[in-house]
Amino acid sequence: MISRNFLIGFITFVLAAGICLVSCAEKKQGKVIVSDQSFSIRQDGEFNWVIDAKGKIRNVGDVDVKKVVVTGYCRSCGEVLVAGIWFINDVKKTAGQKDVISFLAAGNETEFSFREVAFYFSQSGQAPEGLPEKLEVVVESFETIGG
């Protein structure tokens, strides 16, 4: 016959082993990628143009995500306002320069859009000839739900 102390010790051991296994299990991760992006030039004033962005992001992770912040960068643009050259400002991104997706379920895709990735000024009012190089959209941050 099994003694009571042995039974209590065995149950305690099984519970402790179960807790260790659960705590060591791999946690589910969130991962959001840019699946499509496009840029367009918009005239913002008589002598000013800006680049706007739109596209899609996809949640390729194992869990749902929230508060996904998407923004854009022009890595080849200057930081000083010079006529006839694309430039960026060095201040913190405004609400219009990023998009915040409130919720994105695992496996789903959604659209984003934001304005003013880069700026262009022309004293003659002549439009820029094309988009600058090294434009990119990035997922700045997100929070996971569950997992």
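Note that residues are indexed from 1 along each chain, following the sequence as it is written. A pLDDT threshold of at least 70 governs which residues receive local features in this predicted model, and a stricter bar of 80 or more applies before side-chain atom pairs are shown or counted, although totals over entire chains, interfaces and linings include all residues. To get the side-chain values, all heavy atoms of the structure are used, and hydrogens and water are removed first.

I'm lost on the overall build of the protein in this one. Help?
Helical segments are the DSSP runs of H or I of at least four residues, strand segments are the runs of E of at least two, and each set is numbered from the N terminus. When you go through the protein residue by residue, the secondary structure sums to one helix and seven strands. When the helices and strands of the protein are listed from N to C terminus, the series reads α-β-β-β-β-β-β-β. The burial tally for the protein puts 27% of its 147 residues in the buried class. We call two residues contacting when some pair of their heavy atoms lies within 4.5 Å. Put simply, 77% of the contacts in the protein that link residues at least 6 apart link residues at least 24 apart. For the area figures, the Shrake-Rupley method with a 1.4 Å probe applies, and any residue is considered shielded solely by the protein chains shown. Element-wise, carbon and sulfur atoms account for 54% of the exposed surface of the protein, whose accessible area totals about 9,800 Å². Any residue under 20% of the maximum accessible area for its type is buried, any over 50% is exposed, and the rest in between are partly exposed; the area is computed with a 1.4 Å probe on protein chains only.

Explain the pairing of strand 2 (residues 48-59) here, please?
Strands pair, by our definition, only if DSSP identifies at least two bridges between them. Across eleven bridges, strand 1 (residues 32-43) lies against strand 2 in antiparallel orientation. Each bridged residue has a counterpart across the sheet, and for Val 34 the counterpart in strand 2 is Ile 57. Taking the residues that link successive antiparallel strands as the turn, the strand 1-strand 2 hairpin has four residues. Bridge count for strand 2 against strand 6 (residues 119-121) is three bridges, and the pairing is antiparallel. Bridging from a neighbouring strand, Trp 49 pairs with Tyr 120 of strand 6.

Would you take a moment to explain the sheet that holds strand 3 (residues 64-74) for this structure?
Two orientations exist for strands paired in a sheet by backbone hydrogen bonds: parallel and antiparallel. Within the open sheet, the three strands sit side by side as 4-3-7. Their pairing is antiparallel. Of all the strands in the sheet, just strand 4 (98-104) and strand 7 (135-145) have a single pairing partner and so form its edges. For this sheet, the mean angle separating the axes of adjacent strands, direction not counted, is 20°. The axes used here are C-alpha line fits, helices contributing only the stretch in contact, and every angle between their N-to-C directions lies in the interval 0 to 180 degrees.

Would you mind showing me how to read unusual backbone geometry here?
Trans peptide bonds make up the majority, and among non-glycine residues the majority have a negative phi. Within the chain, Lys 67 stands out as a residue other than glycine whose phi angle is a positive 50°. Residue placement: Lys 67 occurs in strand 3. Of the residues examined, Lys 67 reaches a relative accessible area of 46% and is grouped as partly exposed.

Could you clarify how one ought to interpret the pattern of salt bridges in this entry?
Working definition: two side chains of opposite charge can pair if their charged atoms are close together. A carboxyl oxygen of Asp or Glu within 4 Å of a side-chain nitrogen of Lys or Arg is what we treat as a salt bridge. Taken as a whole, this structure holds six salt bridges when the rule is applied. Note that Glu 143 and Lys 67 form a salt bridge whose closest N and O atoms lie 4.0 Å from each other. Here Glu 143 is found in strand 7, whereas its partner Lys 67 is found in strand 3, with 76 residues between them in sequence. Its salt-bridge partner being Arg 75, residue Glu 136 comes within 2.4 Å of it at the nearest N-O pair. Residue Glu 136 is found in strand 7, and its partner Arg 75 is found in the loop between strand 3 and strand 4; the two are separated by 61 residues along the sequence. Taking the relative accessible area as the measure of exposure, Arg 75 reaches 51% and is therefore exposed. A single salt-bridge network, built from bridges that share partners, covers Arg 42, Asp 44 and Asp 52.

Sorry, what's going on with the packing of aromatic side chains here?
Between 30 and 60 degrees the pair is tilted, below 30 it is stacked and above 60 it is edge-to-face, where a pair is any two Phe, Tyr or Trp rings, Trp via its six-membered ring, whose centres lie within 6.5 Å. Inspection of the entire model under this criterion finds four aromatic pairs. An angle of 50° between the planes, with centres 5.1 Å apart, marks the rings of Trp 86 and Tyr 120 as tilted. In this pair, Trp 86 sits in the loop between strand 3 and strand 4 while Tyr 120 sits in strand 6, placing the two residues 34 residues apart along the sequence. Note on accessibility: Trp 86 and Tyr 120 belong to one class, buried. When the centroid spacing of 5.8 Å and the interplanar angle of 20° are considered together, the rings of Phe 112 and Phe 114 count as stacked. Residue class for Phe 114 comes out buried when judged on its relative accessible area of 3%. Through a chain of ring-to-ring contacts, three or more aromatic side chains come together here, namely Trp 49, Trp 86 and Tyr 120. Above the ring of Tyr 73, the side-chain terminus of Arg 75 is found at 4.3 Å from the ring centroid. Both a distance and an angle decide whether a charge sits over a ring: NZ of Lys or CZ of Arg must be within 6 Å of the ring centre and within 35 degrees of the ring normal. The ring of Tyr 73 has Lys 93 sitting right over it, with the charged end atom 4.5 Å from the ring centre.

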